[in-house]
Amino acid sequence: MQFENIIYNAHSGIATITLNRPQTLNAFTEQMIDETTRAFKQAGRDKMVRCLVITGNGRAFSSGQDLAEVQARAGQFSIGEHLRKGYHQLIKQMVALEKPIIGAINGIAAGAGCGVALAADIRIVSDKASFMLAFSKIGLVPDSGINWFLPRLIGYARAYEMAITADKIPAATALEWGMVNRVVPHEQLMETVSAWAGSLASGPTLAYGLTKRAMNKGWDTSLDEALEYEAHLQEVCGRSHDNSEGIQAFLEKREARFIGK
Ligand code: T3D
């Protein structure tokens, strides 16, 4: 598959998607949203891929929607439709993908760029990075799933403050607030991400994927429903190669050799 606005690279079980419009701090155009969505789809279908990484080229992760593209739109344009056809597909694709996604946040993640960062399962963040809900600066509400992800991660008061101030939240604060998993020195970011990704790509992919499904479903269910769903998924995992292998390896006091099934 050919891409112009992103770089897609898959090897050793890891697919890396690099947002690649550095001259605009990786602002999302319609084309880049579509390419990123298709790249996630491709990685989801590729049985060899067991972990994904999304990052940005240059000094930013992403500055969100490309405002020059917004300016160039004709008067009859519907933002709602643009969101439904574009960002919604991307965010839903990321959440539905039953493989772990690491956001390697190399610099600022603003606007919808912050939404995409929040849709990753794990965020490993450069100490130079920051998060900014730039929307209110241009008279918009947060979108791309931010109103769903962010209050759950950091609580309503902090999320609402981020939205109405549009302040840049530095990596260290994001870590303290529970928005990200790790903050590392900038020059160690990709090395740290590669180590995590390598380890996840040789893990029990089926269990990782179904854990993601169970936790996402768990937001909206009662305890009874959550327990029942866990039992259902455990039935599936309990019949997997990796479950037998994990138990066998434990009893033989050796490292498990997971195949992801
Ligand atoms: O309409 C819809 O589709 C609805 C969807 C909305 C989703 C959204 O994401 S809305 C929010 C859109 N994003 C923003 O409002 C952020 C705009 N950018 C900034 O506020 C700043 O650039 C940053 C705080 C992110 C970084 O600031 P700084 O000082 O480090 O960099 P800079 O000098 O502002 O930007 C560097 C270049 O990138 C610059 O171009 P130039 O002058 O070197 O040719 C700048 O114009 C360009 N750039 C940055 N952000 C965008 C952008 N170009 C187009 N769109 C951008 N979002």
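Reading guide: rules and limits
Residues numbered from 1 in each chain as written. Predicted model: local features only at pLDDT ≥ 70, side-chain atom pairs only at ≥ 80, totals over all residues. Heavy atoms only, no water. Core = buried A, V, L, I, M, F, W, Y, C linked by side-chain atoms within 4.5 Å. Buried < 20%, exposed > 50% of the residue type's maximum accessible area, 1.4 Å probe, protein only. Helix = DSSP H or I, 4+ residues; strand = E, 2+ residues; numbered from the N terminus. Contact = heavy atoms within 4.5 Å. Pairing = 2+ DSSP bridges. Right-handed = clockwise from strand over helix to strand, strands pointing away. Patch = residues over 30% accessible without salt bridge, like charges linked within 9 Å, V, L, I, M, F, W, Y side chains within 5 Å. Areas by Shrake-Rupley, 256 points an atom, 1.4 Å probe, with all protein chains shown as cover. Salt bridge = Lys/Arg side-chain N within 4 Å of Asp/Glu carboxyl O. Axes fitted to C-alpha atoms, helices over the stretch in contact; angles between N-to-C directions. Arc of directions from axis to C-beta. Near = heavy atom within 4 Å. Polar contact = N/O pair within 3.5 Å; in protein donor to acceptor, adjacent residues only side chain to side chain. Nonpolar A, V, L, I, M, F, W, Y, C, P; charged D, E, K, R; others polar.

Caption draft 1: Representation of the nonpolar core. Core analysis: the biggest nonpolar cluster contains 50 residues, and Phe40, Phe131, Leu150, Met162 and Met179 have the highest contact counts within it. It is helix α5 (residues 112–119) that contributes the most residues to this core, 6 residues altogether. Leaving out residues up to four positions away in the same chain, methionine 162 has contacts with Phe131, Leu133, Leu150, Ile154, Asp167, Ile169, Trp177 and Met179. Of all hydrophobic cores here, the second largest spans 13 residues; its members include Cys51, Val53, Ile102 and Ile122.

Caption draft 2: Molecular detail of the pairing of strand β3 (residues 51–56). Along β3, 6 of the 6 residues are buried, which leaves the element largely enclosed by surrounding structure. Of the two faces of β3, both are covered, the one formed by Cys51, Val53 and Thr55 as well as the one formed by Leu52, Ile54 and Gly56. In terms of strand pairing, strand β2 (residues 14–19) meets β3 through 6 bridges, oriented parallel. Bridge pairing in β3 links threonine 16 to valine 53. Once the chain exits β2 it traverses helix α1 (residues 30–45) before rejoining the sheet at β3, and the crossover so formed is right-handed. Strand direction decides the pairing type here: β3 and strand β5 (residues 101–105), joined by 3 bridges, are parallel. Bridged to valine 53 within β5 is isoleucine 102.

Caption draft 3: Just a nonpolar patch on the surface, in detail. A cluster of nonpolar side chains, Leu67, Val70, Phe77, Ile79, Ile138 and Leu140, forms an exposed patch at the surface whose accessible area comes to about 470 Å². Tracing the chain through its elements places valine 70 in helix α2 (residues 67–72).

Caption draft 4: Representation of the sheet that holds β2 within the structure. Taken in spatial order, the 6 strands of this open sheet run β1-β2-β3-β5-β7-β10, and their pairing is mixed. This sheet does not close on itself; its edge strands, each paired only once, are β1 (6–11) and β10 (182–184). Strand after strand, the sheet turns through a mean of 20° between neighbouring axes, direction not considered. The strands that helix α9 (residues 189–201) touches are β2, β3, β5, β7 (122–126) and β10; relative to β5, the one it contacts most, it runs at about 175°.

Caption draft 5: Up close: unusual backbone geometry. Phi at asparagine 26 takes a positive value of approximately 60°, unusual for a residue other than glycine. Along the chain, asparagine 26 turns up in the loop between β2 and α1. Of note, alanine 166 is a non-glycine position whose phi angle comes to about 55°, a positive value. Tracing the chain through its elements places alanine 166 in the loop between α7 (156–165) and β9 (168–170). Residue alanine 166 is classed as buried on the basis of its relative accessible area of 4%.

Caption draft 6: Region of interest: helix α6 (residues 146–154). Along α6, the residues that are buried comprise Ile146, Phe149, Leu150 and Ile154. An end-on view of α6 places all buried positions within 90° of arc, on one side of the element. Contacts from the buried residues of α6 go to α4 (87–96), α5 and α7. One or two steps after α6, the chain reaches glycine 155, where phi turns positive at roughly 90°.

Caption draft 7: Region of interest: the site of the ligand. What surrounds the ligand is a group of 23 residues, the closest being Arg59, Gln65, Arg73, His82 and Ala112. One nitrogen or oxygen atom from the side chain of arginine 59 is found 2.8 Å from an oxygen atom belonging to the ligand. Within the backbone of leucine 67, an N or O atom sits 2.9 Å from a nitrogen atom of the ligand. Those elements giving two or more residues to the shell around the ligand turn out to be α2 and α3 (79–85). Across the shell around the ligand, the residue classes tally to 12 nonpolar, 7 polar and 4 charged.

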